[in-house]
Amino acid sequence: MVDTSNRFSNWLRDRLGLDELPFFRTPDYMYKANYWLGALVASAFVYAVVSGLILLLYYNPADPYDQTQYIINSVPYGSVVLFSHLYAAYAMILLAYVHMFRNYFVGAYKAPRELVWLAGVLLLVLTMGASFVGYSLVGDVLGVDAVGVGEGILGSFPGGSVLNALFFGNGTTQDTFTRLLAWHIILVALIGLLFGLHFFMAERYGIMPTRRVKPTAPAVYTKEEESKFNPWWPRNFVYMMSLMLMTWGLILIVPNVLANVNGLPLLLNPHPAPSPSSPQAASVPAYPPWFFLFFYKIADFLMPNGAPYPPFGALLVAVLIPMVYLLLLPFLDRGKELHPFGRKFWTWVGVMLITYLVEMSVWGYLAPGVPEPFTDQVKVLLPPAVIAAIGVYAMGRTWSRRKVSLESPVLPKGTGPSPVTAFGLVVLGMLAVGTVGLAINDPTVPGGAAAVALVLAFAAFARGFWRRSSGNTNQETVNRKARITLAETVMAVLFVVAVVLAFNMWTVPSTGPQSSLFGVDLGALLLMLGEALSLYHYANYAVKASI
Ligand code: HEM
Ligand code: HEM
């Protein structure tokens, strides 16, 4: 009998040649977010590009601050687009760091992925650059201060005045902001091009196998092994779309909730800071965006003789040396061992990079622009380096003793958490979002307490969910058919709630402070659709594959 339900899918498959796409096939155990962090970064990038193009329709470099206020207050859903554009950039930077450090510790920079890694490091630098310029485009006091610091740094290079003229023009608002906008788009275009190359190269070798299967470099599946795995269409596509929709959902929900919170720290507030020409501007500390705090703190360091470093010195220590280290890493660490404790020195350096990044950022936030004498630098920098060295060495010793027994070829089945848990998580998530929304609209102590309790419960639940999704579940004892039915029921419920939400969304005013609730609604809708797709993936592939 002809299966009519698959007619459309088969037609699409045939007309678009989906079976012949040159994408790597994926084994069952890889359907966990941990293996797809790059796809999450790419999702945030796509969101930033789409929302950025919408902003481009309204932006005016001749009057950046007032026009941004106009976008927020008068363009329909303007604040939703602007705030989520900002948070898409934040998400992209944060996820790129997570993606990078994950690849650092699993050894994905080793042969044959050296060039994928190199392109990745450049992508991170470009992403930070594009975000810094975007942040300045708003024209508020923070953005204008950031431009001033940028001018100082460029001015310290040989030929600095030429560079300054190229980046910032002749100093009139119109010329400076037209150039900043052009650089913003040029940097984004470079990210797009380099990402194409990065992705193409990553696909050539496939996502890196777990070290339980391939414990040493080069970690790639043979053509024969690969031929037994799942093709890209439709399973990878469905899984990727579910991740993408959930990322977009969060990018919309977080800033639009935060936009209504009073007393938020300046650096997380999606609203612009005061105008540089306003009286309030004088009381705003000269903060860079949060992702540059570490750099500004290092610029506060004094030399042992008490004199400040030249601006180029901070650039060298905070950016150039770590960047060159990361670029050279695949050629410095030539060993084949992929386990972090099999390459202790490099693991220690990785731990220190994260520690210093966090330490410097927090320090920069707490004491912006305060000069730091050499002795204070030693007090802050030395103890963690010693503790991390002892920790990595001690843990590495136990690892070498257990090494033989750990190398088991048996792999956990990647089936993910149960749909009941997934449903519970969605319900709790919606309750938490709803209660936070209510508490914002009508701030009372019990309302606020309920919101905090629900958000904490959600966070705790989400942690458990995450653990289960990466843990080993005992398949033999589970009634898989019942799970499929349940997953399908939950999907149907999610679709109904999503439709109700979609209707409700349009009743929210399109301008004014309330319009951010539209962003929360739309984000929740995308999150639910992403969750529904994830359940579809679970019911159709993960569970069925193991029946
Ligand atoms: C073609 C793609 C893009 C275009 C056309 C675009 C355009 C814009 C425009 C016009 C603004 C100024 C908005 C205003 O102040 O009214 C802006 C702000 C910004 N952009 Fe983009 N953008 C794009 C992609 C990106 C990407 C990929 C990133 C991140 C890597 C990014 C990061 C930022 C940031 C952080 C801001 C500041 C937003 C704020 O402070 O509220 N943009 N962008
Ligand atoms: C900023 C934008 C970036 C984007 C959009 C991006 C995107 C991707 C994508 C889609 C993949 C395919 C596998 C996956 O989904 O994880 C990937 C793999 C990879 N990326 Fe990135 N990436 C970025 C930054 C970085 C950075 C900063 C590094 C490290 C310095 C890096 C290193 C790698 C490596 C080594 C792989 C291969 C990993 C494997 O085979 O499992 N990427 N990237």
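Please read these numbers as outputs of a predicted model, since none were measured by experiment.

Draft legend 1. Geometry of the overall build of the protein chain. When its secondary structure is counted, the protein chain shows 18 helices and zero strands. The C-alpha radius of gyration computed for the protein chain amounts to 25 Å, which stays within 12% of the reference 24 Å derived for 547 residues, consistent with globular compactness. In terms of principal-axis extent, the alpha carbons of the protein chain reach across some 75 × 60 × 50 Å. Among the 547 residues that make up the protein chain, the fraction classed as buried is 45%. Residue pairs at least 24 apart in sequence account for 79% of intrachain contacts in the protein chain once pairs closer than 6 positions are excluded. Positive and negative side-chain charges of the protein chain, numbering 34 and 28 respectively, have mean locations separated by a distance of 14 Å.

Draft legend 2. Highlighting the nonpolar core. One finds Y97, Y104, W117, F294 and F295 to be the most contacted residues of the largest nonpolar core, which totals 119 residues. Not counting residues within four places of it along the chain, the set of residues in contact with F295 comprises I153, A314, L315, A318 and V319.

Draft legend 3. Spatial organisation of the coordination of the iron atom of ligand 1. In the first shell of the iron atom of ligand 1, the protein supplies H85 (NE2) and H184 (NE2), at 2.0 to 2.1 Å from the metal. Metal-centred angles of 83 to 180° between the six donor atoms at the iron atom of ligand 1 mark the site as octahedral. Within this pair, whereas H85 is found in helix 4 (residues 78-106), its partner H184 is found in helix 8 (residues 173-205), the two being separated by 99 residues in sequence. On the accessibility criterion, H184 (14% relative accessible area) is buried.

Draft legend 4. Seen up close, the site of ligand 1. Near ligand 1 there are 24 residues, and of these T68, H85, G134, V138 and H184 occur at the shortest range. In the model, a nitrogen atom of ligand 1 is placed 2.8 Å from a nitrogen or oxygen of the H184 side chain. Those elements that provide at least two residues to the shell around ligand 1 are helix 2 (37-56), helix 3 (64-73), helix 4, helix 5 (114-137) and helix 8. Examining the composition of the shell around ligand 1, we find that seven residues originate from one element, helix 2, more than from any other.

Draft legend 5. Looking closely at the packing of aromatic side chains. Under the counting rule described, the total for this entry stands at 39 aromatic pairs. Taken together, the aromatic side chains of Y87, Y90, F132, W290, F291, F292, F295 and Y296 make up a single cluster linked through ring pairs. Here the guanidinium or amino end of R102 rests over the ring plane of Y35, the centre of that ring lying 5.3 Å away. The ring of Y31 carries the charged tip of R235 above its face, separated from the ring centre by 3.8 Å.

Draft legend 6. Quick peek at the coordination of the iron atom of ligand 2. Taken together, H99 (NE2) and H198 (NE2) make up the full set of protein donors to the iron atom of ligand 2, lying 2.0 to 2.1 Å away. Coordination at the iron atom of ligand 2 is octahedral: its six donor atoms span angles of 85 to 179° at the metal. Within this pair, whereas H99 is found in helix 4, its partner H198 is found in helix 8, the two being separated by 99 residues in sequence. You can call H198 buried: its relative accessible area is 13%.

Draft legend 7. Structural detail: the pattern of salt bridges. Within the structure shown, the criterion is met by 10 salt bridges. Where salt bridges share partners, they join K297, D300 and E372 into one cluster.

Draft legend 8. Geometry of the site of ligand 2. Not every one of the 27 residues close to ligand 2 is listed here, only the nearest: G38, H99, G120, H198 and M208. Measuring from a nitrogen atom of ligand 2, one finds a side-chain N or O atom of H198 at 2.8 Å. One nitrogen or oxygen atom from the main chain of G206 is found 3.5 Å from an oxygen atom belonging to ligand 2. Listing elements by their share of the shell around ligand 2, those giving two or more residues are helix 2, helix 4, helix 5 and helix 8. Broken down by element, the residue count for the shell around ligand 2 peaks at seven residues, all from helix 5. Broken down by class, the residue content of the shell around ligand 2 amounts to 19 nonpolar, seven polar and one charged.

Draft legend 9. Just helix 2, in detail. The terminal C-alpha atoms of helix 2 lie 29 Å apart, and with 20 residues this matches the ideal 28 Å at 1.5 Å per residue to within 8%. Those residues of helix 2 lying buried are L37, L40, V41, A42, S43, A44, F45, Y47, A48, S51, G52 and L55. Of the surrounding secondary structure, the elements contacted by the buried residues of helix 2 are helix 3, helix 4, helix 8 and helix 10 (232-258).

Draft legend 10. Highlighting the confidence of the model for the protein chain. Mean pLDDT for the protein chain: 88, with 91% of residues reaching 70 or above. Throughout residues 405-414 the model reports pLDDT below 50, and contacts reaching past four residues in sequence, or to other chains, amount to 17 contacts. Here the complex is predicted with pTM 0.88, and the ipTM for its interfaces comes to 0.96.

Draft legend 11. How the structure looks around the packing of helix 6 (residues 141-155) against helix 7 (residues 160-168). Packing of helix 6 against helix 7 leaves a shortest axis separation of 8 Å and a crossing angle of 145°. Contacts between helix 6 and helix 7 pair V147, G150, E151, L154 and G155 from the former with G160, L163, N164, F167 and F168 from the latter. Partitioning the contact of helix 6 with helix 7 into residue classes produces five nonpolar, four polar and one charged.

Draft legend 12. Molecular detail of the domain arrangement of the protein chain. Under the domain assignment used here, the protein chain contains domain 1 (34-229), domain 2 (289-404) and domain 3 (419-542). Averaged C-alpha coordinates put domain 1 and domain 3 at centres separated by 29 Å. Contacts between the two partners involve seven residues from domain 1, matched on the other side by nine residues from domain 3. Along the contact surface separating domain 1 from domain 3 lie zero salt bridges. At the junction of domain 1 with domain 3, the criterion picks out two residue pairs in polar contact (both at pLDDT 80 or more).

Definitions and limits used
- Residues numbered from 1 in each chain as written.
- Chains lettered and ligands numbered in written order.
- Predicted model: local features only at pLDDT ≥ 70, side-chain atom pairs only at ≥ 80, totals over all residues.
- Heavy atoms only, no water.
- Helix = DSSP H or I, 4+ residues; strand = E, 2+ residues; numbered from the N terminus.
- Rg over C-alpha atoms; globule rule 2.2 N^0.38 Å.
- Buried < 20%, exposed > 50% of the residue type's maximum accessible area, 1.4 Å probe, protein only.
- Contact = heavy atoms within 4.5 Å.
- Lys, Arg positive; Asp, Glu negative; His and termini not counted.
- Charge placed at Lys NZ, Arg CZ, Asp CG, Glu CD.
- Core = buried A, V, L, I, M, F, W, Y, C linked by side-chain atoms within 4.5 Å.
- Donors = N, O, S within 2.8 Å, 3.2 Å for Na, K, Ca; no water.
- Tetrahedral: all angles 85-135°; square planar, octahedral: opposite > 155°, others 65-115°.
- Near = heavy atom within 4 Å.
- Polar contact = N/O pair within 3.5 Å; in protein donor to acceptor, adjacent residues only side chain to side chain.
- Phe/Tyr/Trp six-rings, centres within 6.5 Å; stacked < 30°, edge-to-face > 60°.
- Lys NZ or Arg CZ within 6 Å of the ring centre and 35° of its normal.
- Salt bridge = Lys/Arg side-chain N within 4 Å of Asp/Glu carboxyl O.
- Nonpolar A, V, L, I, M, F, W, Y, C, P; charged D, E, K, R; others polar.
- Expected span 1.5 Å × (residues − 1).
- pLDDT = per-residue confidence, 0-100.
- Axes fitted to C-alpha atoms, helices over the stretch in contact; angles between N-to-C directions.
- Domains from an automatic or database assignment.

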